[in-house]
Amino acid sequence: MDELSDIDVVGVVGAGTMGNGIATAAAAAGYEVVMRDIERDYVDRGLDAVEDSLDRLASSDRLEEEPETVRERVRGTTVLGDLAEADLVIEAIVEDLDVKREVFAELDEIVDDGVVLASNTSTLSITTIAAATDRVGDVVGLHFMNPVPVMKGVEVVDGERTRETVVALAHAFAEDLGKETWESDDKPGFVTNRILMPWINEGVRAYDEGVATKADIDRGMTLGTNVPMGPLELADHIGLDVVLHASETLHAELGDRYKPAYLVKRKVEAGDLGKKTGRGFYTYD
Ligand code: NAI
């Protein structure tokens, strides 16, 4: 399945934030989607999120068809075997290497030979995930950004053994979803998180060490470097638990310059995870 024209059905594993976003974007681009999660409740929540995203896209004139028509192309399931019909599978489950490797080994048994297996991992090695399968050349990173239906960029990650045609297919698929891509070698954090995580941690340390107020750190970076959000606001948006977890993975691979900021750890221990809990560096309604 090296050609975009071979792909009709996209399998998505995980119906959480990223999985349902990827399902939305793929369905909006005309693909049939089978989205799998481990419990019916999670599947249903994912399908509701797809519906909400499609309504939002439609109300801002960014959907070519009626939302109901697109929604009908997305099927939810708890049965991994239902992905057997997929021509491309994108995994978006928890950021845990052992769990991802287990799922890839199972997918390898279920889907046809030649079907590309992609991972949406933000920090884990595509090569290590691929090694759990007998199709190392057909495993690639397709790192979508959150929220998927809105964010333009997709990072394509080239594993040690990923075939060139598979990398090309990953770019072509993302572009077919209306995205723009760049490519990273399979090195810890790829391009984005390798640079973003130390930037966020440095912003938190600057605040903790009294360089400026949190508002001024965020204003300094937005006004001074023309990014849409400063490091503390962005950390709240991503989720402090996610920032901590990604930073710990990079720290283990790349050493001290990736050490998570102490204040991120303390806030995670306090349960202040950012926007999703209503409280992080800032408070939210
Ligand atoms: P999430 O926690 O919102 O969703 C993960 C979903 O996977 C949950 O619904 C969970 O029940 C399900 N799941 C767990 N094990 C499963 C299995 N064996 N089979 C099927 N489903 C399973 O997580 P989120 O944020 O969507 O992240 C998913 C992946 O995307 C992670 O690898 C993460 O690093 C990556 N990512 C996340 C971004 C973000 O901003 N949230 C941005 C870019 C990448």
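Scroll up for the structure.
About the thresholds
Residues numbered from 1 in each chain as written. Predicted model: local features only at pLDDT ≥ 70, side-chain atom pairs only at ≥ 80, totals over all residues. Heavy atoms only, no water. Near = heavy atom within 4 Å. Polar contact = N/O pair within 3.5 Å; in protein donor to acceptor, adjacent residues only side chain to side chain. Nonpolar A, V, L, I, M, F, W, Y, C, P; charged D, E, K, R; others polar. Phe/Tyr/Trp six-rings, centres within 6.5 Å; stacked < 30°, edge-to-face > 60°. Helix = DSSP H or I, 4+ residues; strand = E, 2+ residues; numbered from the N terminus. Buried < 20%, exposed > 50% of the residue type's maximum accessible area, 1.4 Å probe, protein only. Lys NZ or Arg CZ within 6 Å of the ring centre and 35° of its normal.

Caption draft 1: Just the site of the ligand, in detail. In the vicinity of the ligand, 20 residues are found, and the nearest of them are M18, D37, E95, K100 and S122. At 3.0 Å from an oxygen atom of the ligand is found a main-chain nitrogen or oxygen belonging to T17. Here an oxygen atom of the ligand and a side-chain polar atom of D37 are 2.6 Å apart. Tallied by class, residues from the shell around the ligand come to eight nonpolar, eight polar and four charged.

Caption draft 2: Seen up close, the packing of aromatic side chains. Scanning all chains against the criterion turns up two aromatic pairs. Here Y31 and F173 contribute two aromatic rings whose centre-to-centre distance is 5.2 Å and whose plane-to-plane angle is 55°, an arrangement assigned as tilted. Taken together, the residues span a long stretch of sequence, with Y31 in the loop between helix 1 (17–28) and strand 2 (32–36) and F173 in helix 6 (residues 164–176) at a distance of 142 residues. In terms of burial, Y31 and F173 fall into one category: buried. Arranged with centres 6.3 Å apart and planes meeting at 85°, the rings of Y207 and F281 form a pair that is edge-to-face. Taken together, the residues span a long stretch of sequence, with Y207 in helix 7 (residues 192–208) and F281 in the segment after helix 11 (262–269) at a distance of 74 residues. One residue, K214, lies across the ring of Y282, its end atom 5.6 Å from the ring centre.

Just distances and angles here, no functional claims.
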